[in-house]
Amino acid sequence: MARLRDCLLRLTVTIRSLLFWSLVYCYCGLCASIYLLKLLWSIGKGPAQTFRRVAREHPPACLNDPSLGTHCYVRIKDSGLRFHYVATGERGKPLMLLLHGFPEFWYSWRHQLREFKNEYRVVALDLRGYGETDAPIHRENYKLDCLITDVKDILDSLGYSKCVLIGHDWGGMIAWLIAICYPEMVMKLIVINFPHPNVFTEYILRHPAQLFKSSHYYFFQIPWFPEFMFSINDFKALKHLFTSHSTGIGRKGCRLTTEDLEAYIYVFSQPGALNGPINHYRNIFSCLPLKHHMVTTPTLLLWGEKDAFMEAEMAEVTKIYVKNYFRLTILSDVSHWLQQEQPDIVNKLIWTFLKEETRRKD
């Protein structure tokens, strides 16, 4: 009987795995077909416009704004990669480390760099493959283990053993993983618009609406085509993410200026600049769900109710994975780009959380 149970268990795991990967590849094919139709439609409307790209040789002035901090570089000994970050606030003060999402870079934290520099050493990092940070060629170099190790190595290089860790979107995913794998490194965890990784993987398989909202995760599994689609029409897709009615910053929010938007397009229009960011997604299905998943760090989860990519219900479920103080704040009429859209509210919520005396749940 015991042998039969073991066989049935292995068979169940195998069937679940086959169903999971069948779903992944089928949805990849569907997404590719949809985007191919979009490409053909765009070419039909105007081939010259479709393949037009404006040369951008010089960065917008806002990327060198001294009020945001100092541009710094550090080379990690083990990986050999050079990381770029912008730092402000006095050395020796507690470290606040900021991890951006996609398609973003250090500049998405401009409002927080100015806000927290008086009491923290604030560091906004360009993740592996983004902006001025080195971008390894092979997708295997973007596994979650590598991204976790990057943050650990950055902390060591900065001379810190722990930090206040803040992550948005994909940076939120990495922040959760750091808190799970290296809890001693995180004094307080703040995540913006990304649920606990296990909640994400379980929810997406059970809720078709979230599967649709996360279609880019599947589309990005395809080689080179996603990078190409982002670049056509002079990076129209990138502009659309931040400015459209469906996915962009809301009318009541702090909208991106023309210069802000140009900063994003400048960074991602550089040769090969999209390969690294999209490679981050090309390993995710082989890394999740997690074997170890409990968070023991005091945690604040901030969520925009109008997030076009994430269902708010995932935020509510996340609390079962945090075995410590947990606070969830959902902001109505706010999009996915929370810390840029409502910086004053977000900064106030972060200050409140940082100054609270939190204690571990029994």
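All values reported here derive from a predicted model rather than from experimental measurement. (Residues numbered from 1 in each chain as written. Predicted model: local features only at pLDDT ≥ 70, side-chain atom pairs only at ≥ 80, totals over all residues. Heavy atoms only, no water.)

## Description of the overall build of the chain
Thinking step 1. A tally of helices and strands in the chain yields 15 helices and 8 strands.
Thinking step 2. Taken over the C-alpha trace, the chain has a radius of gyration of 21 Å; the compact-globule value for 362 residues is 21 Å, and the two agree within 12%.
Thinking step 3. Judged by the C-alpha coordinates and their principal axes, the chain covers about 70 × 60 × 45 Å.
Thinking step 4. Within the chain, buried positions represent 54% of all 362 residues.
Thinking step 5. By sequence separation, contacts in the chain at least 24 residues apart represent 76% of the contacts at least 6 residues apart.
Thinking step 6. Just so you have it, the chain exposes about 17200 Å², and 57% of that area is on carbon and sulfur atoms.
Thinking step 7. For the chain, the separation between the mean place of its 42 positive charges and that of its 35 negative charges on side chains is 4 Å. (Helix = DSSP H or I, 4+ residues; strand = E, 2+ residues; numbered from the N terminus. Rg over C-alpha atoms; globule rule 2.2 N^0.38 Å. Buried < 20%, exposed > 50% of the residue type's maximum accessible area, 1.4 Å probe, protein only. Contact = heavy atoms within 4.5 Å. Areas by Shrake-Rupley, 256 points an atom, 1.4 Å probe, with all protein chains shown as cover. Lys, Arg positive; Asp, Glu negative; His and termini not counted. Charge placed at Lys NZ, Arg CZ, Asp CG, Glu CD.)

## Here's the deal with the sheet that holds strand S3 (residues 95-99)
Thinking step 1. Overall, mixed pairing links the 8 strands, which are arranged S1-S2-S4-S3-S5-S6-S7-S8 in an open sheet. The strands lining the two open edges of the sheet, one partner per strand, are strand S1 (70-75) and strand S8 (326-331). Along the sheet, successive strands turn relative to each other by an average axial angle of 20°, direction set aside.
Thinking step 2. Packed on one face of the sheet, helix H4 (residues 144-158) meets S1, strand S2 (82-88), S3, strand S4 (121-125) and strand S5 (163-168) and runs near 145° to S3. (Pairing = 2+ DSSP bridges. Axes fitted to C-alpha atoms, helices over the stretch in contact; angles between N-to-C directions.)

## Let's talk about the environment of Leu-301
Thinking step 1. Considering the arrangement of structural elements, one finds Leu-301 in strand S7 (residues 299-304).
Thinking step 2. Sequence separation between Leu-301 and Val-191 is 110 residues, and the spatial gap between their C-alpha atoms is 5.0 Å.
Thinking step 3. In contact with Leu-301, not counting residues within four places along its chain, are Trp-176, Val-191, Phe-194, Ala-315, Thr-318, Phe-326, Arg-327, Leu-328 and Thr-329.

## A word on the side chain of Gln-340
Thinking step 1. As for its position among the elements, Gln-340 is in helix H14 (residues 338-341).
Thinking step 2. A polar contact of 2.8 Å, which involves the side chain of Gln-340, links it to the side chain of Glu-104. (Polar contact = N/O pair within 3.5 Å; in protein donor to acceptor, adjacent residues only side chain to side chain.)

## A few points about helix H6 (residues 197-206)
Thinking step 1. Counting buried residues along H6, 7 of its 10 residues qualify, which places the element largely inside the surrounding structure.
Thinking step 2. Looking at the packing, one finds that the buried side of H6 touches helix H5 (170-181), helix H7 (208-213), helix H8 (215-219) and helix H13 (313-317).

## Focus: the pattern of salt bridges
Thinking step 1. Under the defined criterion, the tally for this structure stands at 11 salt bridges.
Thinking step 2. Across the pair Asp-234 and Lys-239 runs a salt bridge whose closest N-O atoms are separated by 3.7 Å.
Thinking step 3. Each of the salt bridges in this network shares a partner with another, and the network as a whole consists of Arg-56, Asp-234, Lys-239 and Glu-262. (Salt bridge = Lys/Arg side-chain N within 4 Å of Asp/Glu carboxyl O.)

## Focus on the packing of aromatic side chains
Thinking step 1. For the coordinates displayed, the defined rule picks out 28 aromatic pairs.
Thinking step 2. With 4.6 Å between their ring centres and 40° between their planes, Phe-242 and Tyr-264 make a pair best called tilted. Here Phe-242, found in helix H9 (residues 225-243), pairs with Tyr-264, found in helix H10 (residues 258-268); they are 22 residues apart in sequence, far enough to count as distant.
Thinking step 3. You can call Phe-242 buried: its relative accessible area is 2%.
Thinking step 4. With a relative accessible area of 0%, Tyr-264 lands in the buried category.
Thinking step 5. Positioned above the aromatic ring of Tyr-35, the side-chain terminus of Lys-38 is 4.8 Å from the ring centre.
Thinking step 6. A cation over an aromatic ring shows up here: Lys-355 above the ring of Trp-351, its NZ or CZ 4.9 Å from the ring centre. (Phe/Tyr/Trp six-rings, centres within 6.5 Å; stacked < 30°, edge-to-face > 60°. Lys NZ or Arg CZ within 6 Å of the ring centre and 35° of its normal.)

## So, the nonpolar core
Thinking step 1. Counting 116 residues, the largest nonpolar core has Trp-170 and Tyr-217 as its most contacted members.
Thinking step 2. When neighbours within four sequence positions are excluded, Trp-170 is seen to be in contact with His-100, Gly-101, Phe-102, Leu-127, Leu-144, Leu-147, Tyr-217, His-280, Tyr-281 and Ile-284. (Core = buried A, V, L, I, M, F, W, Y, C linked by side-chain atoms within 4.5 Å.)

## Comments concerning the side chain of Ser-42
Thinking step 1. The topology assignment puts Ser-42 in helix H1 (residues 2-45).
Thinking step 2. Ser-42 sits in the buried class, given a relative accessible area of 13%.
Thinking step 3. Excluding anything up to four places from it in sequence, Ser-42 contacts Pro-47, Thr-50 and Asn-233.

## Some remarks on the pairing of strand S6 (residues 186-192)
For a regular strand, side chains alternate in direction, first toward one face of the sheet and then toward the other.
Thinking step 1. By the criterion of burial, S6 is predominantly enclosed, with 6 of the 7 residues buried.
Thinking step 2. One ladder, built from 4 bridges, connects S6 with S7; its direction is parallel. When the bridges of S7 are listed, Ile-192 appears paired with Leu-302.

All quantities given are derived from atomic positions and should not be read as evidence of function.
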